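Coordinate inspection notes
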Amino acid sequence: MRTEEAGMGIRSRIGEALAQAVRGLGVEGELPDLELGRAKEAAHGDYASSAGLKLARQLRQAPPQIAERIARTIVIPDGAATAEAAGGYVNFRLADEWLHRLVTEVASHGEGFGASNLGRGESVQVEFGSINPTGPMHIGHGRGVVLGDSISRLLDFTGHKIQREYYVNDQNTQARRFGASVWARMNGEEPPEGGYVGEYVTELAEIAKRELGDIDSLQREQAEAKVRQFAIALMVERIKASVARLNVRYDEWFPESRLWLDGLPQLAIKQLREEGFLKEREGALWFGPALEEEDGLGEHVRSEKDDRVVIRSNGEPTYFASDLGYLLSRFERRGFHRVIEVWAADHHGYVARLKAAAVALGIDAERLEIIIHQMVNLKEGKMSKRAGRFVELDELIDKVGSDAVRYFYLLRSPDTTIEFDLELALTQSNENPVFYAQYAHARLVNVEATALEKHPSLRKEADVSLLMQPWELEVARQLAFWPEVVEDSTRLLEPHRIPYYVHDLSTAVHRFYHAGNETSEFRVVVDDPKLTRARLELGRAARHTLKTALDLMGVTAPERM
RNA sequence: GCCCCGCUAGCUCAGUGGAUAGAGCAUCUGCCUUCUAAGCAGAGGGUCGGGGGUUCGAAUCCCUCGCGGGGCGCCA
């Protein structure tokens, strides 16, 4: 079993064998989706395909007959699985011998099991977490950070060349308003309209007053700019510290101001103007995607409702102008083949416009993927009496720890609103699913130490064919499923599939362990060194895979609990 | 008014058009002298929001209605 094949996964290999068998029946052209997937019932084996039903019309034959012919002729490499027809379905059962080889492979292969070259080195930028650095991150921002980070980890694991970026809005309206707020606080003035208030603003003002001694000699405008830069820099440091606590790192903190220094928004505007995508109205410069709609009289007219201001009537550019330059920066200047952005749901309305802008700039819209995640709400509880209480990410990490925060966030599909039950999260107990998985890992580490204590001179080679108990083979079976979990998570950019897999594997591990509680001969560590060695091999393979999966989630795998 | 997301067990949620819809928590019943009981084994619990449609087959795709959340050109 070569590494690439292991990375490809058994499902894909059965799928290829299935396609070949179907060709053998004389099916030509593009094959329909044969619905090869995990069988729901044990009686149906491990995988099932509805190939017979899918091909009935085309082959003008009854589904059971087609399934029979497929099952009879299919050749699955390495004898990895057996095929059996059942009605119009073809069921596949993984062979014990193949599972044994897999255990050996994974146990020796280490923690890279499931890695692949799916991405073929494609360069991808993942931009996530980029909130205005005008305040601390709250629990909603944390979701985007964790999501973006795990997507990056997944893509990295599957052969993509990843760059993680935080886009720092250091000169937009909000940044200026923020700087003005801090300046006002320093000088005992009221904050500007829509300005920022809060303890952290007061703190920043005090620090700025201490550190920026010379600003009194400057003109107000210059002094404000200096305060703004100072305050933004401090907030960025604070955000860096917060995300670091979540085990998140970035490759680049890219300032919006750099775009203007490099002349990219200016270039984009020039380009779009020449192409006729820009127009003046009400004293402002607008971007109008070339969309047309019916006016009800059969005439196609330009719709103005999707237009967006690029340069305000007062001559100042909007964030949208920066974003035009940002597109050029990434797709043209820096040459990323794909860009993935992670946004919260309150920005969804901007998706179509940014994509329209990309297309107008000659960038294929498919290269820009925007993942929208829903919000994080605080569940009403005793902890949050004050309505709309602003809960900082740091507060949450203080209370439940980075592992629990990451696990809980990743457990939900991005499409689901998280109702964060603060009370539940505060109960540091077995209700946290993260402990279940971490405990399984720690257990495997512990049992290995126990085994080496009892049998100080275990053989290097393990005879894994001794693993014949159902609960032992079930662990091996779960290992076989791992590569397809990685593949699906990557292809769909849905990391939430990983914690569900981790739970399944952990369950198999706990069962495997507990078989020895009922009957002592089923313990991992027994008198027979050969049997002990075989079970140890299985434990090792499971431990590596658990560790790998937890790593992709950014959750630690403790060796002792 | 328009756009996006959700509605699946008491609660929180998985589920890529396939066979009898799953998990955790909660509830109930068993299991610790012996490798970690933060665990294991078992039970009960469902008109998959309502109604149409497509299909051999729909929780899944389409239409429509309802409820909840988010958003809707000079904030981002």
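Everything discussed here concerns the structure shown above.
Procedures and definitions
- Residues numbered from 1 in each chain as written.
- Chains lettered and ligands numbered in written order.
- Predicted model: local features only at pLDDT ≥ 70, side-chain atom pairs only at ≥ 80, totals over all residues.
- Heavy atoms only, no water.
- Helix = DSSP H or I, 4+ residues; strand = E, 2+ residues; numbered from the N terminus.
- Buried < 20%, exposed > 50% of the residue type's maximum accessible area, 1.4 Å probe, protein only.
- Contact = heavy atoms within 4.5 Å.
- Areas by Shrake-Rupley, 256 points an atom, 1.4 Å probe, with all protein chains shown as cover.
- Lys, Arg positive; Asp, Glu negative; His and termini not counted.
- Charge placed at Lys NZ, Arg CZ, Asp CG, Glu CD.
- Near = heavy atom within 4 Å.
- Polar contact = N/O pair within 3.5 Å; in protein donor to acceptor, adjacent residues only side chain to side chain.
- Nonpolar A, V, L, I, M, F, W, Y, C, P; charged D, E, K, R; others polar.
- Phe/Tyr/Trp six-rings, centres within 6.5 Å; stacked < 30°, edge-to-face > 60°.
- Pairing = 2+ DSSP bridges.
- Axes fitted to C-alpha atoms, helices over the stretch in contact; angles between N-to-C directions.
- Expected span 1.5 Å × (residues − 1).
- Bend = angle between axes of the 7 residues up to and from the residue.

**Some remarks on the overall build of chain A**
When its secondary structure is counted, chain A shows 20 helices and 16 strands. With respect to the three principal axes, the spread of C-alpha positions in chain A is 85 × 65 × 40 Å. With 561 residues in all, chain A has 52% of them scored as buried. The long-range fraction of contacts in chain A, counting pairs at least 24 apart against all pairs at least 6 apart in sequence, stands at 72%. As presented, chain A carries roughly 26,900 Å² of accessible surface, and 48% of it is formed by carbon and sulfur atoms. When the 70 basic and 87 acidic side-chain charges of chain A are each reduced to a single mean position, those positions are 2 Å apart.

**Structural notes on the protein's contact with RNA strand B**
Taken together, 63 residues lie near RNA strand B, and Tyr319, Asp415, Asn446, Asp488 and Arg511 sit nearest. Among the atoms of RNA strand B close to the protein, meaning within 4 Å, 61% are from sugar or phosphate groups. Serine 413 is positioned such that a nitrogen or oxygen atom in its backbone is 2.8 Å from a phosphate oxygen of RNA strand B. Broken down by class, the residue content of the surface near RNA strand B amounts to 18 nonpolar, 22 polar and 23 charged.

**Describing helix α15 (residues 402-410)**
Counting buried positions along α15 gives 9 out of 9 residues, so the element sits mostly inside the fold. Among all positions of α15, only Ser402, Asp403, Ala404, Val405, Arg406, Tyr407, Phe408, Tyr409 and Leu410 are buried.

**Description of the packing of aromatic side chains**
All chains considered together, the criterion is met by 16 aromatic pairs. Their ring planes at 25 degrees and their centres at 4.7 Å tell us that phenylalanine 128 and tyrosine 250 sit as a pair that is stacked. Placement of phenylalanine 128 in strand β5 (residues 123-128) and of tyrosine 250 in the loop between α9 (220-245) and β7 (252-255) is noted, with a sequence separation of 122 residues between them. Pairing tyrosine 167 with tyrosine 326 gives two aromatic rings, centres 4.0 Å apart and planes at 15 degrees, and the pair type is stacked. With a gap of 159 residues between them, tyrosine 167 in strand β6 (residues 161-168) and tyrosine 326 in helix α12 (residues 319-333) connect regions that are remote in the sequence.

**Quick word on the sheet that holds strand β9 (residues 284-287)**
With antiparallel pairing, 3 strands are arranged side by side in an open sheet as β8-β9-β12. The sheet is open, and its two borders are formed by β8 (278-281) and β12 (308-311), each paired with just one other strand. Across the sheet, the mean angle from the axis of one strand to that of its neighbour is 45 degrees, orientation sign disregarded. Bridge count for β9 against β12 is 3 bridges, and the pairing is antiparallel. Counterpart to phenylalanine 287 in the pairing with β12 is arginine 308.

**Brief notes about the environment of glycine 87**
Relative to the helices and strands, glycine 87 is located in the loop between β3 (81-86) and β4 (89-94). The residues contacting glycine 87, other than those within four sequence positions of it, are Pro63, Pro64 and Ala67.

**With respect to helix α18 (residues 470-492)**
For α18, with 23 residues, the first-to-last C-alpha span of 33 Å sits near the 33 Å given by 1.5 Å per residue. Maximal helix bending in α18 amounts to about 30 degrees, located at phenylalanine 481; proline proline 483 follows within four positions. Burial within α18 is extensive, with 18 of its 23 residues counted as buried. In the stretch just after α18, leucine 493 is the one whose phi turns positive, near 50 degrees.

**Concerning the sheet that holds strand β2 (residues 47-49)**
Taking strand neighbours across the sheet as the criterion, the 4 strands line up as β1-β2-β4-β3 in an open arrangement whose pairing is antiparallel. The sheet terminates laterally at β1 (37-38) and β3, the two strands that pair on one side only. Summarising the sheet, β1 and β2 pair through 2 bridges and their orientation is antiparallel. Its bridge partner being in β2, glycine 37 is matched across the sheet by alanine 48. Contacting β2, β3 and β4, helix α2 (residues 10-24) runs over the sheet at an angle of about 30 degrees to β2.

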